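# Fold and contact review
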Amino acid sequence: MAIKTPFVAVDGIIQLFDEKENFKGIVLIERKNPPLGLAIPGGFVEVGEKVEDALVREMKEETSLDVEIIRILGVYSDPDRDPRFHTVSITFVCKAYGEPKAQSDAKEVKVFKLEEIPFDKLVFDHAKILKDYINR
């Protein structure tokens, strides 16, 4: 009997700080693959992997940053949140230092002050996720 379940993903709202603990903004990626647009960095959890480990791995793979997990923002599970297939995202708030560099699925990495986030360019349900983050 085959079991069908949604894909499990992790997304990370990376709060970027300088060495003096000044908040520089949050890190978003320009996606290399469809759907194209800006996104919170993230990816899929591998079989046998804890979601926290997947988050740290995906952040490193896409932005070259080592992140510290602060907390879970929420679980996002709308079946229509990803146009490709049903994906459930556990979304974390994390902290990082340094200069992000685009790697893996990221074409480009950008740092945005909260008031400068281009919500109309975000893919998936990432506009909703970032609004939830800002409003908490």
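Notes on the structure follow. Predicted, not measured: the structure shown is a model, and the values here were computed from it.

### Re a nonpolar patch on the surface
On the surface, a cluster of nonpolar side chains totalling about 250 Å² of accessible area is made up of Phe7, Phe44 and Phe85. Mapped onto the elements, Phe85 comes out in the loop between strand E5 (68-76) and strand E6 (87-97).

### A look at the pattern of salt bridges
Taken as a whole and assessed by the stated rule, the structure comprises 12 salt bridges. One salt bridge connects Arg57 with Glu49, and the closest N-O pair in it is separated by 2.8 Å. The network of salt bridges with common partners includes Glu46, Glu49, Arg57, Glu58 and Glu61.

### Focus on the side chain of Glu30
Among the secondary structure elements, Glu30 is positioned in strand E2 (residues 23-31). Here Glu30 falls in the buried class, since its relative accessible area comes to 18%. Among all residues touching Glu30, those that are not within four sequence positions of it are Gly37, Leu38, Asp105, Ala106, Lys107, Glu108 and Lys110.

### Notes on the packing of aromatic side chains
Going through the model one piece at a time under the given rule, you end up with five aromatic pairs. With a centroid separation of 4.4 Å and an interplanar angle of 40 degrees, the aromatic rings of Phe7 and Phe85 are classed as tilted. Of this pair, Phe7 sits in strand E1 (residues 7-17) while Phe85 sits in the loop between E5 and E6, and the two are 78 residues apart along the sequence. The partly exposed category is assigned to Phe85, whose relative accessible area is 31%.

### Concerning helix H1 (residues 51-63)
Taking 1.5 Å as the rise per residue, H1 with 13 residues should run 18 Å; its terminal C-alpha atoms sit 18 Å apart, in good agreement. Among the structural elements, E1, E2, strand E4 (42-44), E5, E6 and strand E7 (106-112) are those in contact with the buried residues of H1. A positive backbone phi angle near 70 degrees is found at Ser64, which sits one or two residues after H1.

Criteria and cut-off values
Residues numbered from 1 in each chain as written. Predicted model: local features only at pLDDT ≥ 70, side-chain atom pairs only at ≥ 80, totals over all residues. Heavy atoms only, no water. Patch = residues over 30% accessible without salt bridge, like charges linked within 9 Å, V, L, I, M, F, W, Y side chains within 5 Å. Areas by Shrake-Rupley, 256 points an atom, 1.4 Å probe, with all protein chains shown as cover. Salt bridge = Lys/Arg side-chain N within 4 Å of Asp/Glu carboxyl O. Helix = DSSP H or I, 4+ residues; strand = E, 2+ residues; numbered from the N terminus. Buried < 20%, exposed > 50% of the residue type's maximum accessible area, 1.4 Å probe, protein only. Contact = heavy atoms within 4.5 Å. Phe/Tyr/Trp six-rings, centres within 6.5 Å; stacked < 30°, edge-to-face > 60°. Expected span 1.5 Å × (residues − 1).

Worth remembering: the numbers are spatial, not functional.
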